[in-house]
Structures are given as structure tokens and as C-alpha cells.
Amino acid sequence: MKAAVYYGKHNLVVEDVPVRELKDNEVLIQVKYCGVCGTDVHIFNGDGGSFEVTPPLIPGHEFSGIVKKIGANVNRIKVGDRVSGDPNDMCGECYFCKNAMQHFCIDNIGVGTTVDGGFAEYVIMHEKQLYTFSDDLSFIEAAMAEPVSCCLHGIDLCHIKSGDTVLVIGGGPIGMIMLQLAKNEGATKLILSEPVEEKRELALKLGATKVIDPINEDVQAVLDEYTPNVNVVIECVGNIHTQEDAVKFAGKGATVMFFGLASPEDSFPLKPDDVFKKELHITSSFINPYTYERAIQVLESKTLRLEDLITNIVPLDDIADVFTKPEYRRAGKVMIKIAD
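Attention here is on the structure that accompanies the text. (Residues numbered from 1 in each chain as written. Predicted model: local features only at pLDDT ≥ 70, side-chain atom pairs only at ≥ 80, totals over all residues. Heavy atoms only, no water.)

Before going further, it helps to examine the sheet that holds strand E15 (residues 281–284). Here 6 strands make up an open sheet; going across it, the order is E12-E11-E10-E13-E14-E15 and the pairing parallel. Among the strands making up the open sheet, the edge pair consists of strand E12 (210–212) and E15. Going from strand to strand, the sheet's axes swing by 15 degrees on average, the running direction of each strand aside. Relative to strand E11 (residues 189–193), strand E10 (residues 165–169) is paired through 5 bridges, and the arrangement is parallel. Bridge pairing in E11 places Val-168 opposite Leu-192. (Pairing = 2+ DSSP bridges. Helix = DSSP H or I, 4+ residues; strand = E, 2+ residues; numbered from the N terminus. Axes fitted to C-alpha atoms, helices over the stretch in contact; angles between N-to-C directions.)

In C-alpha cells:
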């Protein structure tokens, strides 16, 4: 099969590789689309992702496709099924798995991070990781199930109440998903801080009630005029400056969600007095425990507008361009098209 193989920092090569034999509990999937995630960019730049990456590896963990072959002990999934896969395979035996914290599993296998993933014509997964979807959902939409599942976990931890004011920092695909999920949770004032004008305009179409240009506007002044209190701040950039801003712009009693993935070496100063006087709840969101089936259901319900977030569809042969040309990352969600 053709696959994009990561050999180390800034070294991603499309080449032919063998398809290994299935184990009894595994499924062979012909990949249709695989999305490019910020984690993939971190891996390409040598920073690693949520888990330690050991080259050579085929990255890619946001995909959909058709089942082509099943192992001897596979019962639930059938050949021909349209599927999307949760890339995280937990051991089920460690302390964390047995105490409702499976995403902290000490022996987690990550498709696209610790084992070969979806930037290939075929990917192999355990049956338990797969979720079917109907003909009403396109393959390109279903490839968004993984990021939506991660966003659902983050939104759950924000504890948004009806009538809340929510500030989202960063108008990339994740920020736009978070904006829509916050609206669905009942937030009535939805604010996006984003320097790119086109993204601010899109946010208004997706439900934002106020957009702010953080480069040319005084964000705090706009917030003070618009709302008496920011109840939730969701940082979706993964930059130490915007993370510091998230704490700064949070209102009294607010929840600050660090969702964006920063470099492991990054840090910024935090004044405990600011946290104390505003009684802040500072939290983060790590991968997608117990949310993948919900993500499929949300996608099937058509309550999220995702087609507007996908700005580029790139063939597998040209995947290296996505990581080396910054215009791709500035635009929005990039999908790698593997098969028709």
C-alpha cells in the first residue's frame, strides 16, 4: 500500500509499504479521508504529540473508511461497513482504566502516534475501536469524529450553563467546533478572539455573537463593554501568550480551559493572586475518553457545521506540502484524500 512514513523531524516520505496480516480481533480498513491535526504538526516538527512517537511511523488519527477484511474473532463489524475509529486503545487492566480514567492508561496504544495510522491506503485497528456510521454521513464528515470527540470531552469539563458568556481564543477548526458546542450547551454570549478576518467572519456565521481582533483591538475593553462577566474561556491555540491571555480575560468564578497543545518545553508565569481573587477553575482536556460514540451521534444529528471548516483537500502524494507550507495551516482544516 501507499503510505506517508515519518522518519524523524521534518522527514515525511510517501512510499510503498507492506500491509501486515490481521490478528483475530483486528479489522482492515480502506481509508477514504484522514484529517491533519495539530498533533500531526507537532510530530512532524519533532515535538511529539499526546504520546511518545518512535519513527518510523505512519501518522494520522482522524480518519474514516470502509471495512475490507475482518479477523477470525470479529463479530460486531462487517465487511463493507462505513467506519471511523477511536485511535486510543486502552489496556483495561491498569489503575486508571479500572477507575474511570482510561485516557491516562499507562499502556495506551495510539493509532497514528505509537502504531501506524491513517495517512495510508489501509489502516488496521481492533474491532473495539471502531464505530459505524450511516450513509447520511459523508466520509469526509465522519473523518471529523475524532476532533469532535476530543472537543466534547473539553466542553464537558467547562461545565457551561445556559446563559453563560464563553470566550473562545483561536478560530482554527477546533475553536470553531468549540464555539458551536458551547452554543449547543446554552451559552448565549459567544465571543471569538482571532486575528484573521476571514475566520472572524466565519465565526459569526457559525453562531458567534461578538468577534474581536486581538491585534488591533483592546480585548479587555471590548469584553468589559460587552458582558458583565466571562464565565468560560477556552484557549484553542496552544501558545503561551494566548494561554496567559486566557487567565487574564477570565471573569470572576470562571473556568479556564487549556485545550490547545503547547510545546512540552513552553511555560508562562502565573500569578496565584489573580487565580485567588477571581476564584478561577483552571483545567485542561486530554484526548477523548468515553466520547467517540457521542461524537458520531452529534455528527449524524447535523447540529454542527463542519463543511465550512474544511478549506483544503490534498491527495496523499502531496501530504508533505501540508506540513511545510504555512498557508495550509493558516487556512483551516486540511483533509488528506486517500481513496474515492
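Now, onward.
This next bit is on the packing of helix H3 (residues 145–158) against helix H9 (residues 292–301). Packing of H3 against H9 leaves a shortest axis separation of 8 Å and a crossing angle of 110 degrees. The angle between H3 and H9 places the two elements in the roughly perpendicular class. Judged by residue contacts, Ala-145, Glu-146, Val-148, Ser-149, Leu-152 and Asp-156 of H3 engage Tyr-292, Arg-294, Ala-295, Ile-296, Val-298 and Leu-299 from H9. Class assignment of the residues belonging to the contact of H3 with H9 gives a composition of 8 nonpolar, 1 polar and 3 charged. (Parallel < 35°, antiparallel > 145°, perpendicular 65-115°, else oblique. Contact = heavy atoms within 4.5 Å. Nonpolar A, V, L, I, M, F, W, Y, C, P; charged D, E, K, R; others polar.)

This part takes up the state of the cysteines. Under the counting rule described, the total for this entry stands at 0 disulfides. No disulfide involves Cys-94; its sulfur sits 3.8 Å from that of Cys-97, the nearest cysteine. Overall, the relative accessible area of 8% leaves Cys-94 in the buried class. With no disulfide of its own, Cys-150 lies closest to Cys-151 among cysteine sulfurs, the gap being 7.0 Å. (Disulfide = S-S within 2.5 Å. Buried < 20%, exposed > 50% of the residue type's maximum accessible area, 1.4 Å probe, protein only.)

Bringing unusual backbone geometry into the picture now. A cis amide bond links Pro-55 to the next residue, Pro-56, at an omega of -5 degrees. Structurally, Pro-56 is set in the loop between helix H1 (38–44) and strand E4 (62–70). Phi at His-10 is positive, roughly 60 degrees, even though this residue is not glycine. Take His-10: it is sitting in the loop between strand E1 (2–8) and strand E2 (11–16). The class of His-10 is partly exposed, set by a relative accessible area of 48%. The backbone of Lys-302 sits at a positive phi, close to 60 degrees, despite the residue not being glycine. In this structure, Lys-302 sits in the loop between H9 and strand E16 (310–315). Owing to a relative accessible area of 43%, Lys-302 belongs among the partly exposed residues under this scheme.

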